[in-house]
Amino acid sequence: MIRVSVVGATGYAGIELVRLLYSHPQVELVHLVSQSFAEQPISDIYPNFKGLLDKACSQLDIDKIAEKSDVVFTSLPHGISNQVIPALYERGKKVIDLSGDFRYKSAEVYEKWYGTRHVRPDMLQASVYGLPELHRDEIKTARLIGNPGCYPTCAILGLAPLVKQGLIDLNSIIIDAKSGATGAGREPSQGLHFCEVDENIKAYKVATHRHTSEIEQELSILAQREVALSFTPHLLPVKRGILSTIYASLKKSLSFGDVYSLYSEFYAGEPFIVLHQEGNLPEIKHVNGSNNCHIGFVVDRRTHRIIVVAAIDNLIKGAGGQAVQNMNILFGLDETIGLRNPGWYL
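Parameters at a glance
Residues numbered from 1 in each chain as written. Predicted model: local features only at pLDDT ≥ 70, side-chain atom pairs only at ≥ 80, totals over all residues. Heavy atoms only, no water. Helix = DSSP H or I, 4+ residues; strand = E, 2+ residues; numbered from the N terminus. Rg over C-alpha atoms; globule rule 2.2 N^0.38 Å. Buried < 20%, exposed > 50% of the residue type's maximum accessible area, 1.4 Å probe, protein only. Contact = heavy atoms within 4.5 Å. Areas by Shrake-Rupley, 256 points an atom, 1.4 Å probe, with all protein chains shown as cover. Lys, Arg positive; Asp, Glu negative; His and termini not counted. Charge placed at Lys NZ, Arg CZ, Asp CG, Glu CD. Pairing = 2+ DSSP bridges. Axes fitted to C-alpha atoms, helices over the stretch in contact; angles between N-to-C directions. Core = buried A, V, L, I, M, F, W, Y, C linked by side-chain atoms within 4.5 Å. Phe/Tyr/Trp six-rings, centres within 6.5 Å; stacked < 30°, edge-to-face > 60°. Lys NZ or Arg CZ within 6 Å of the ring centre and 35° of its normal. Polar contact = N/O pair within 3.5 Å; in protein donor to acceptor, adjacent residues only side chain to side chain. Salt bridge = Lys/Arg side-chain N within 4 Å of Asp/Glu carboxyl O. 1 Å grid on protein atoms, 1.4 Å probe; cavity = no way out; pocket = protein on both sides within 12 Å on 5 of 7 lines; lining within 4 Å. Points joined across faces, edges and corners; volume = space filled by probe spheres on them. Nonpolar A, V, L, I, M, F, W, Y, C, P; charged D, E, K, R; others polar.

Undergrad: Outline the overall build of the chain, supporting the account with residue identities and numerical values.
TA: Of regular secondary structure, the chain possesses 12 helices and 13 strands. A compact globule built from 346 residues would reach a C-alpha radius of gyration of about 20 Å, and the chain, at 20 Å, matches this within 12%. Across the 346 residues in the chain, those meeting the buried criterion constitute 55%. Restricting to contacts in the chain with at least 6 residues of sequence separation, those with at least 24 account for 71%. About 15000 Å² of surface is accessible on the chain, with carbon and sulfur atoms providing 49% of the total. Across the chain, the centroid of the 34 positively charged side chains sits 1 Å from that of the 37 negatively charged ones.

Undergrad: Give a detailed account of the sheet that holds strand β1 (residues 2-7), specifying residues and quantitative values.
TA: Strand pairing within a sheet occurs via backbone hydrogen bonds; the two strands may be parallel or antiparallel. What the six strands build is an open sheet, ordered β2-β1-β3-β4-β6-β5; its pairing is parallel. One side of each edge strand has no neighbouring strand; the edge strands of this open sheet are β2 (27-33) and β5 (128-129). As paired elements, strand β4 (residues 94-97) and strand β6 (residues 144-146) share three bridges and run parallel to each other. Bridging across to β6, V95 finds its partner in L144. Running over the sheet, helix α4 (residues 81-89) touches β3 (71-74), β4 and β6 and is turned about 165° from β4.

Undergrad: Requested: an account of the nonpolar core, with residues and values cited.
TA: Generally speaking, soluble globular proteins have nonpolar side chains that are buried together. Within the largest apolar cluster, 45 residues are counted, with the highest numbers of intra-cluster contacts made by I168, I173, I175, L219, Y263, I295 and I306. Counting residues per element, the ones that place at least two in this core are α7 (150-164), β7 (174-179), α9 (211-223), β10 (242-249), α10 (256-266), β11 (273-275), β12 (293-300) and β13 (305-312). Sort the elements by how many residues they give to this core and α7 lands first, with 10 residues. Core analysis: the next-biggest nonpolar cluster, separate from the first, contains 35 residues, L21, L53, F73 and I145 among them.

Undergrad: For the sheet that holds strand β9 (residues 230-235), give the residues involved together with the corresponding values.
TA: Overall, mixed pairing links the seven strands, which are arranged β8-β9-β7-β10-β13-β12-β11 in an open sheet. Looking at the sheet topology across the chains shown, the edges are occupied by β8 (202-203) and β11. Here β7 runs beside β10; their pairing, made up of six bridges, is antiparallel. The partner of I174 across the bridge, within β10, is Y247.

Undergrad: Would you mind going over the packing of aromatic side chains in detail, with residue names and values included?
TA: All told, the structure shown has 10 aromatic pairs when counted by the stated rule. Aromatic side chains F256 and F297 sit 5.2 Å apart centroid to centroid with 40° between the ring planes, which places their arrangement in the tilted category. Residue F256 is located in helix α10, and its partner F297 is located in strand β12; the two are separated by 41 residues in the primary sequence. Take F256 and F297: they sit in the same class, and that class is buried. Within the aromatic cluster, the residues linked to one another by ring pairs are F256, Y260, Y263, F266, Y267 and F297. Note that R143 overlies the ring of Y89, its terminal NZ or CZ placed 3.9 Å from the centroid.

Undergrad: How would you summarise the side chain of N291 if you had to cite specific residues and measurements?
TA: Within the secondary structure, N291 is located in the loop between α11 (284-287) and β12. For N291, a relative accessible area of 1% puts it in the buried group. Here the side chain of N291 touches Q322 through a polar contact of 3.4 Å, landing on its backbone nitrogen. For N291, the side chain forms a polar contact with the side chain of Q325, separated by 3.1 Å. Apart from residues lying up to four places away in sequence, N291 is in contact with F272, I316, K317, G321, Q322, Q325 and L339.

Undergrad: Any details on helix α1 (residues 12-22)? Residues and values, ideally.
TA: The set of residues buried in α1 consists of G14, I15, E16, L17, V18, L20 and L21. Contacts from the buried residues of α1 go to β1, β2, α2 (42-45), β3 and α12 (316-330).

Undergrad: Go over the pattern of salt bridges, please, and point to the residues and values.
TA: Enumeration according to the criterion identifies 14 salt bridges in this entry. Residues R91 and D63 are paired through a salt bridge, measuring 2.9 Å at the closest nitrogen-oxygen approach. Of this pair, R91 sits in the loop between α4 and β4 while D63 is found in helix α3 (residues 62-68), placing the two residues 28 residues apart along the sequence. On the basis of relative accessible area, R91 is assigned to the partly exposed category, the value being 41%. E270 is the partner of R136 in a salt bridge, and the nearest nitrogen-oxygen pair spans 2.7 Å.

Undergrad: If you had to explain the pairing of β10 to someone new, which residues and values would you point to?
TA: Every other side chain in a regular strand lies on the same face of the sheet, so the side chains alternate between the two faces. Inspection of the sheet shows β10 paired to β13 by eight bridges, in the antiparallel sense. Bridge pairing in β13 places S249 opposite R305.

Undergrad: Describe the layout of surface pockets, with residues and values.
TA: Unoccupied space between atoms shows up once a probe the size of one water molecule is rolled over them. In this model, the second largest pocket occupies a volume close to 280 Å³. Of the residues contributing to the lining of the second largest pocket, the split by class is eight nonpolar, four polar and four charged.

Listed below in structure tokens is the structure:
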């Protein structure tokens, strides 16, 4: 059994991670850390665990966590993770971080987009970006994994084959992405009140959202040159799910069959990538509750553009599920263990 601790277990991403780990046949949950709910049973905070998991949350104690854990998941706000993780890493622990603190290769890029100093830039080179479809071999031998953000996971997977093969104008990429309210976390704010979100949709952080830099980093690696793009997120009046509609100009004429073959080859054998046939596009109903990423596309011959539509569950493939997938790879397990479920649809 893999002994697992979760630091930051009571946020939306953290509790979804706990739910997945609870059902994982190779996992023993040893510590659920929550400063806000210390000493309270997890089933009092989230009653869906009643009769199943009544383990009490604990305060952060690095020594206790390090003593009993084979791997530690950290689901903390950015700027806090990079204060906690070094102490765990230096005690020889494997760490999978769900914040943005260890997703970047450049401390300067992180500091520019996050507006805060990175306290351990020396550790960024040791961290692996935890998108298995692109970095599986590196993940296998890593001790520190920066679990990707939800928006970047959806956008990068949607674009990767086209960027890698140089089939689109890299200066033409526009990503229009929409997310459910859980993507903003559990901390209350006026903009997330029911009356603000219900029967509404709004764009936010236009041209300034920090996930822009994460997408650009990974696409630049694939393209082997700097990529700059336009990314606009929107808040949907739903709990969960991300739908990204991505536009780019084609550098040569392609048919739907050409594109489908390209994606099929690029993602051959990938257990969580689902490609849609012509005339059919992903919806968040198709993916919510699953670790799958659905991808569809339309070739617009009139404008010489390709439109890619990708969908994920922001709390699973965009957070907790991808973290479990990374853990499975890290410990040499079948990476689908605990994750091979269809979406809920209803």
